[in-house]
Structure formats: structure tokens, C-alpha cells
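Each chain, written out:
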Amino acid sequence: MSEIQTLARWIKESSFTVALTGAGMSTESGIPDFRSQSGWWNNIDPATVATVEALEENYELFQQFYASRMQGLRACTPHRGHAILAEWEQRGFLHSVATQNVDGFHQQAGSRNVYELHGSIRTVRCSTCDDQTELEDFLAGKACPHCKGRLRPDVVLFGEMLPQEPWQRALADIRSAELVIVIGTSLQVYPVAQLPLMTQGRVAILNYEPTAQDDHFELVIHGKAGELLQQINS
Ligand code: BV8
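These numbers were taken from a predicted model, which means no experiment stands behind them.

## Description of the UniProt feature "active site" (unreviewed entry) in the chain
Under the present numbering, the feature "active site" (unreviewed entry) in UniProt falls on H118. Structurally, the position occupied by H118 is in the loop between β3 (114–116) and β4 (119–126). Leave out the neighbours within four places in its chain, and H118 touches T99, Q100, V102, D154, V155, V156, L162, V189 and V192.

## Some words on the pairing of strand β1 (residues 17–21)
Across the five residues that make up β1, a large majority, five, are buried. Side chains of β1 alternate between two faces, with T17, A19 and T21 and V18 and L20 buried alike. Sheet topology places β1 next to strand β7 (residues 179–183); five bridges connect them, and they run parallel. Bridge assignment links T21 to a residue of β7, and that residue is I183. Bridge analysis of β1 against strand β2 (residues 96–99) gives four bridges, and the strand direction is parallel. Residue pairing in the sheet places T21 in a bridge with T99 of β2.

## Observations regarding the state of the cysteines
For the structure on display, the rule yields zero disulfides. The thiol of C129 is not disulfide-bonded; the next cysteine sulfur, from C147, is found 3.7 Å away. As a non-bridged cysteine, C144 has C129 as the owner of its nearest cysteine sulfur, 3.7 Å distant.

## Describing the UniProt feature "binding site: Zn(2+)" (unreviewed entry) in the chain
Under the UniProt annotation, the feature "binding site: Zn(2+)" (unreviewed entry) is placed at C126, C129, C144 and C147. Spanning 22 residues, the annotated positions come together in the fold, the maximum distance between their C-alpha atoms being 8.5 Å. Inspection of the secondary structure puts C129 in the loop between β4 and β5 (132–133). In this structure C129 comes out as partly exposed when scored by relative accessible area, which is 29%. Mapped onto the fold, C144 is located in the loop between α6 (135–139) and β6 (151–155). Leaving out residues up to four positions away in the same chain, C144 has contacts with C126, C129, T133, G149 and L151.

Rules behind the numbers
- Each residue is numbered by its place in its chain's sequence as written, counting from 1.
- Only residues with pLDDT of at least 70 get local features here, since the model is predicted, and only at 80 or more are side-chain atom pairs given and counted; chain-wide, interface and lining totals rely on the full set of residues.
- Values reported for side chains reflect all heavy atoms of the structure, with hydrogen atoms and water molecules removed beforehand.
- UniProt positions are given in the numbering used here, feature names are shortened, and annotations may be inferred rather than shown by experiment.
- Where helices and strands are cited, they refer to DSSP runs of H or I of at least four residues and of E of at least two residues respectively, numbered from the N terminus.
- It only takes one pair of heavy atoms within 4.5 Å for two residues to be counted as in contact.
- Each residue's exposure class comes from its accessible area (1.4 Å probe, protein chains only) as a fraction of the maximum for that residue type: buried when under 20%, exposed when over 50%, partly exposed otherwise.
- Pairing between strands is defined by DSSP: at least two bridges between them are needed.
- Cysteine sulfur atoms are paired as a disulfide whenever they fall within 2.5 Å.

In C-alpha cells, the structure reads:
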């Protein structure tokens, strides 16, 4: 039996399956990932844009980085792989998606049980008064209309705590899962990278490149998420 057929059987046998996704889930939609050859961090040091220090001491570069990602998102849409995960949820084959992605594509494709562990780039708030503000104000480089503070996307920057509710729900689901399918992540960012180690269930990873955690997985399938999900779904 092929690895694809094995995973398809595991999905049918499992009554509680959780998907854990990363940036590799969205590259087939045209969104760069971070650490592979064509990833963001090949051209820009994350410390200069994706940290609290960057927000406080490097606001112009911080704002340019996130504004360009927000604008890039406008030209992209979820791909067939996102839609398949949403269909599996509707058919009872998938309980939830815990994602590190901030693009909102799982929800846009129809997934309802989505835990955004690293927040969302689709909404903006004031870093001083915390008021939710307009995305257009952030894109235009404007200050908060209420307190003149600096605007920022609702993403989790390095050094920031993860949002408690999504984290706790993802942790509870992973602990209860009979099957965890990790898709499109290098598993290098903590504490999310620890999640696959916290389940008693079967663990499979679908990823384009090997990861440092591959030995932990019972099933390792290298390839493109969208293509692999279509093969599993067929
Ligand atoms: C925190 C901003 C606690 C949002 C991001 C141990 C425990 C706790 C924390 C730490 C720890 N050790 C170190 C830390 C600190 C730090 C950390 O993990 N550093 C790492 C780099 C060592 N963690 C934190 O700071 C976290 N906060 O723990 O707080 C705390 C706080 C205060 C006081 C006390 C304690 C916050 C982590 C979130 C950081 N935010 N970005 C944004 O701009 O998007 S991280 C960034 O990496 C993104 O969010 C991204 O989602 C995330 C993970 O990356 P991946 O999704 O895996 O993407 P990557 O490119 O790496 O991999 C993609 C993979 O897909 C590749 O392997 C590629 O081959 C593959 N692929 C590509 N295309 C495809 C594909 N596969 C299949 N198909 C394809 N088509």
C-alpha cells in the first residue's frame, strides 16, 4: 500500500483528526513561505521586521514589510488543498485546523474550526490603545485615529505570547486526536513546533522538504500540499 493510500486509510479510521498547517500550505496560492529557498527570511532578517523591537524601533521597515504582505494577499486565493480540508471537516473526517498562517485562507475556503495560533494579518490594531482600526489606515502609514499610536497587524510577533484561546483549544484537540496531520511547516517556531509531540495518536507529515522532526512521524510524505491532498482525496 502506498503512503498516500495508508494516510487515506488512517483518515477514514480516525474519529478525531486534527491538521496543523504552516506557510507551506499557502505557497501554491502564491504566498511565499519563510525558510525555504524562496522564503521571506532569505531576503530579510526576521529580527528586523517580525519582532516587538522592530515595531518599537524600526517602525518604517516593520510597516513596509507587513503592508507589502497584506497587498500581496489581495491577489491570492485559497487553493484546492484548502478546499479539501474544508470538505473533510464538513464530511466529518477532520475535526479542526490549527494553523500558523495569518492569511485567513482556511476560513475563506470554508473551514470553520480554525485556530489561528499566530494571529491574523487581515486585521489591524493600535499598539498603544489596542483599538481595532482600519487596514487602509495601516497601509497608508497613518497613526491611530483615536490616540495617534502606531498601528500594527494582529499577528503574533517573535517574543509575544500566543493568543490563549486558540492555543488552549489547539492543545486540547491535539491531545485528544487519534490522528494529527502536519502540513507545510518546517516546525522551527515554538511553542507550535512542540504540538505534534503532544498527541497519543498517529502523526503524519506532508511537507515539501525534510524537517528536523521527521523521525518523530510514523508517516513522512514529501511533496506539495495541494497535490498530495488531492491524491489522498481521490
Ligand atoms: C513565544 C509573525 C513566549 C507572524 C511569526 C521555546 C519555547 C517558546 C518560545 C521559544 C522557544 N524557543 C525560541 C522561542 C522564541 C520564538 C521562536 O520559536 N523562535 C524560533 C525561530 C527559534 N517563539 C516566539 O517568540 C513565539 N512566542 O513563544 O512567546 C513568551 C513570550 C514572552 C515572554 C515569555 C515567553 C512567537 C512565535 C510566532 C512568531 N511569529 N511570524 C507573521 O508575520 O506571519 S513566526 C513565522 O514562522 C510565521 O508565523 C510562520 O507561520 C511561522 C512558522 O513557519 P512555517 O509556517 O513553518 O514556515 P517555514 O517557511 O518555516 O516552513 C514552510 C515549510 O513548508 C518548509 O519546510 C517548506 O519546504 C514547506 N513547503 C513550502 N511549500 C510547500 C511546502 N510543503 C508542502 N507543499 C508546499 N507547496
